[in-house]
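# What the coordinates show
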Amino acid sequence: MKVVNSAQLLLETQPHPLSISELLIRSTEIADYATENAAKIDQVGAFPGREFEQIAAAGLLSAPLDRRLGGHGLGIEASATRKLLQILKQFGHGNLAIGRIFEGHVNALQLIQTFGTQAQVEAYASDARDRHKIFGVWNAEANDGVKIIPLETGHYRLEGCKTFASGSGYVDRPFVNGTLPDGRWQMCIVPMDQVVTVSDPSWWQPSGMRATASYKVDFSGVELEASALIGQPDDYYRQPWLSVGVIRFAAVQLGGAEALFDETRKFLQGLGRTQDPYQAERLGKIAIALESGNLWLKGAAEFVAAYAPIFAGSPIVPHPQAEQLVAYANMVRSAIEQICMEVIQACERSVGTRGLLPPTPIERIIRDLTLYLRQPAFDAAFANVGHYVLTQQTAAERLWSYA
């Protein structure tokens, strides 16, 4: 497989930075192109390269940076959360593979700006802003997971592998978190264009999300300077940052569900089934479910914006509503997953076997969305909400007040 660095893919940038309103328009245009191109890259080993060229040209790779760093604060400034979720939903509507990788990019830059030193923030901001580097978070692993071994030189050596490494061969600056000798979990960033790793494409044989190139990658032998380590041990698992981030992938998922709804309507309209009472009932239920999902995202954005000026607050200042924010984010994640599953089932029933055959995109969207919905700790998210409400004395109507 030929591996192309994103610096080769991302050819040019806009001469003048776009406003946030213009970014929303461009994200819709990119999503429209992604919709048309999705079937062509629905194969293992493919990657939405042209789409990420457009993302870079629009300035969206630097948009998650603080405004003082030349970005728009998407993902780090709490007041920009609503706009970020809109963009993520648009990308999910165009192609869930793009939404997945871009969400990882946003996540990585949020972690750097939250837990990194000023020097690290500035250096990695320059990578995203000036060199169009794509960031990601490769946290999943199996029994042969990554170990971070301190060396006498002050450097660190990595040993072991990551799985589900989305964007393998294209993501330039992934978080490759691993275990220190004392068992604690340490965040670190690997400059993929400066080291040698071994990817295993054969590991990735999925039913959906094929174009994410989520391979297994062996980092054994990679040496890093101390400046590659982000934050303190176990910072990655600190709350509320860990759980509140779920609203980002929930937005991508809801975008996929809306795309499925649009394609199902188009299919039924083409067959002249608009007067069928059973189809009308199903489509009505889907429309209600999707609007519910959008209200959940709106509520999440408002909660995050009211909670603190920066996303999930300051890591050095405890917040009295942290548990409430985590529980609310878990509600959003759980509700949108259920909504997406309801949409999948209703759409399958509406289009029947004929609608699940090419060239209709319905079957592909269902495959992608079904796989992407399988995020970790689903039951734990439900349980967290239950534990929180069981410990509260507040009346139901004020349980989620963030004033």
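Look up a bit, the structure's there.
The structure displayed is predicted, hence computed values, not measured ones. (Residues numbered from 1 in each chain as written. Predicted model: local features only at pLDDT ≥ 70, side-chain atom pairs only at ≥ 80, totals over all residues. Heavy atoms only, no water.)

## Remarks on the overall build of the chain
The cut-off we apply is this: Runs of E in the DSSP output that reach at least two residues are strands. Runs of H or I that reach at least four are helices, and both are numbered from the N terminus. Only C-alpha atoms enter the radius of gyration, while the globule expectation follows 2.2 Å times N to the 0.38, with N the number of residues. Categorising residues by exposure relies on relative accessible area from a 1.4 Å probe, with only protein chains included: less than 20% of the type maximum marks a residue as buried, more than 50% marks it as exposed, and the intermediate range marks it as partly exposed. Per-residue accessibility takes into account occlusion by the displayed protein chains alone, with areas from the Shrake-Rupley method and a 1.4 Å probe. Counted as positive: Lys and Arg. Counted as negative: Asp and Glu. His and the chain ends are not counted at all. In plain terms, the charge of a residue is placed at NZ if it is Lys, CZ if Arg, CG if Asp and CD if Glu.
The helix and strand tally for the chain stands at 12 helices and 11 strands. Computed over its C-alpha atoms, the radius of gyration of the chain comes to 21 Å, within 12% of the 22 Å expected for a compact globule of 403 residues. Taking the principal axes of the C-alpha coordinates as reference, the chain spans close to 75 × 55 × 45 Å. Among the 403 residues that make up the chain, the fraction classed as buried is 56%. Carbon and sulfur atoms form 53% of the exposed surface of the chain, whose accessible area is close to 17,700 Å². Considering the chain, the positive charge centre built from 35 side chains and the negative charge centre built from 42 side chains are found 4 Å apart.

## Concerning the pattern of salt bridges
Going by this rule: Only one rule defines a salt bridge in this text: a Lys or Arg side-chain nitrogen within 4 Å of an Asp or Glu carboxyl oxygen.
Under the defined criterion, the tally for this structure stands at 25 salt bridges. For glutamate 29, the salt bridge identified is with arginine 26, shortest N-O distance 2.6 Å. A residue pair is termed a helical-turn pair when its members lie 3 or 4 positions apart in one helix, as glutamate 29 and arginine 26 do in helix 2 (residues 20-37) at 3 residues. The residue lysine 285 makes a salt bridge to glutamate 281 at a minimum N-O spacing of 3.4 Å.

## What to know about the packing of helix 5 (residues 96-115) against helix 8 (residues 246-270)
Threshold: Between N-to-C directions, angles span 0 to 180 degrees; the directions come from axes that are lines fitted to C-alpha atoms, helices contributing only their stretch in contact. Note that the term roughly parallel is reserved for angles under 35 degrees, roughly antiparallel for angles over 145, roughly perpendicular for angles of 65 to 115, and oblique for everything else. Here is the rule for handedness: rotate from the far helix to the near one, and if that takes an anticlockwise turn smaller than a right angle the crossing is left-handed, while a clockwise turn gives right-handed. Contact between two residues is taken to exist if any of their heavy atoms lie within 4.5 Å; hydrogens are not considered. In this classification, Asp, Glu, Lys and Arg are treated as charged, Ala, Val, Leu, Ile, Met, Phe, Trp, Tyr, Cys and Pro as nonpolar, and every other residue, Gly included, as polar.
At a minimum axis distance of 10 Å, the contact between helix 5 and helix 8 shows a crossing angle of 165 degrees. Judged by the inter-axis angle, helix 5 sits roughly antiparallel to helix 8. Note that helix 5 runs across helix 8; the crossing there is right-handed. Residues Leu96, Gly99, Arg100, Glu103, Val106, Asn107 and Gln110 of helix 5 touch helix 8, and the partners they reach there are Arg248, Phe249, Val252, Gln253 and Gly256. Of the residues in the contact of helix 5 with helix 8, the class split is 4 nonpolar, 5 polar and 3 charged.

## Structural notes on unusual backbone geometry
A cis geometry characterises the amide bond from glutamine 239 onward to proline 240, with omega recorded as 10 degrees. Its place among the elements puts proline 240 in the loop between strand 11 (229-230) and helix 7 (241-244). Residues proline 358 and proline 359 are joined by a peptide bond in cis, for which omega reads 15 degrees. Mapped onto the elements, proline 359 comes out in the loop between helix 10 (322-351) and helix 11 (362-372). The backbone phi angle of methionine 209 is positive, close to 55 degrees, even though this residue is not glycine.

## What to know about the packing of helix 10 against helix 12 (residues 378-390)
Packed helices, taken two at a time, are described by the angle between their axes plus the distance between the axes. Contact geometry for helix 10 and helix 12: axes closest at 9 Å, N-to-C directions at 135 degrees. Between helix 10 and helix 12, the crossing angle belongs to the class labelled oblique. Crossing of helix 10 against helix 12: the hand is left-handed. Together, Glu323, Gln324, Val326, Ala327, Asn330, Met331, Arg333, Ser334, Glu337 and Gln338 of helix 10 and Phe378, Ala381, Phe382, Asn384, Val385 and Tyr388 of helix 12 make up the contact between the two elements. The residue makeup of the contact of helix 10 with helix 12, split by class, is 8 nonpolar, 5 polar and 3 charged.

## Quick word on the nonpolar core
We apply this condition: Among buried residues, the Ala, Val, Leu, Ile, Met, Phe, Trp, Tyr and Cys ones that are joined through side-chain atoms within 4.5 Å form a nonpolar core.
One finds Ile55, Leu60, Phe102, Leu158, Phe175, Val190 and Phe219 to be the most contacted residues of the largest nonpolar core, which totals 123 residues. Among the elements that line this core, the one with the most residues is helix 10, at 15 residues.

## Some thoughts on helix 6 (residues 118-130)
What counts, and what does not: To estimate the expected span of a helix, count its residues, drop one, and scale the result by 1.5 Å.
The first and last C-alpha atoms of helix 6 sit 17 Å apart over 13 residues, in line with the 18 Å expected at 1.5 Å per residue. Residues of helix 6 that are buried include every one of Gln120, Val121, Tyr124, Ala125, Ser126, Asp127 and Ala128, and no others. Backbone geometry just downstream of helix 6 places histidine 132 in the positive-phi region, at approximately 55 degrees.

## Looking at the layout of surface pockets
Rules: Points on a 1 Å grid over protein atoms alone make up a cavity when a 1.4 Å probe fits among them but cannot get out, and a pocket when they form an open set with protein on both sides within 12 Å along at least five of seven lines; lining residues each have an atom within 4 Å of a point. Grid points are joined across faces, edges and corners, and a volume is the space filled by probe spheres set on the points.
Size it by volume and the largest pocket reaches roughly 1,100 Å³. Along the wall of the largest pocket there are 39 residues; nearest its centre are Arg100, Tyr236, Phe249, Gln375 and Pro376. When contributions to the lining of the largest pocket are tallied by element, the ones reaching two or more residues are helix 5, strand 1 (135-138), helix 7, helix 8, helix 10, helix 11 and helix 12. Per-element tally for the lining of the largest pocket: the top contributor is helix 5, with 7 residues. Grouping the constituent residues of the lining of the largest pocket by class yields 21 nonpolar, 12 polar and 6 charged. Its boundaries defined by the atoms lining it, the second largest pocket holds a volume of some 430 Å³. Residue lining of the second largest pocket: 25 residues in total, with Thr35, Glu263, Pro361, Arg364 and Ile365 positioned closest to the centre. Those elements that provide at least two residues to the lining of the second largest pocket are helix 2, helix 4 (81-94), helix 8 and helix 11.

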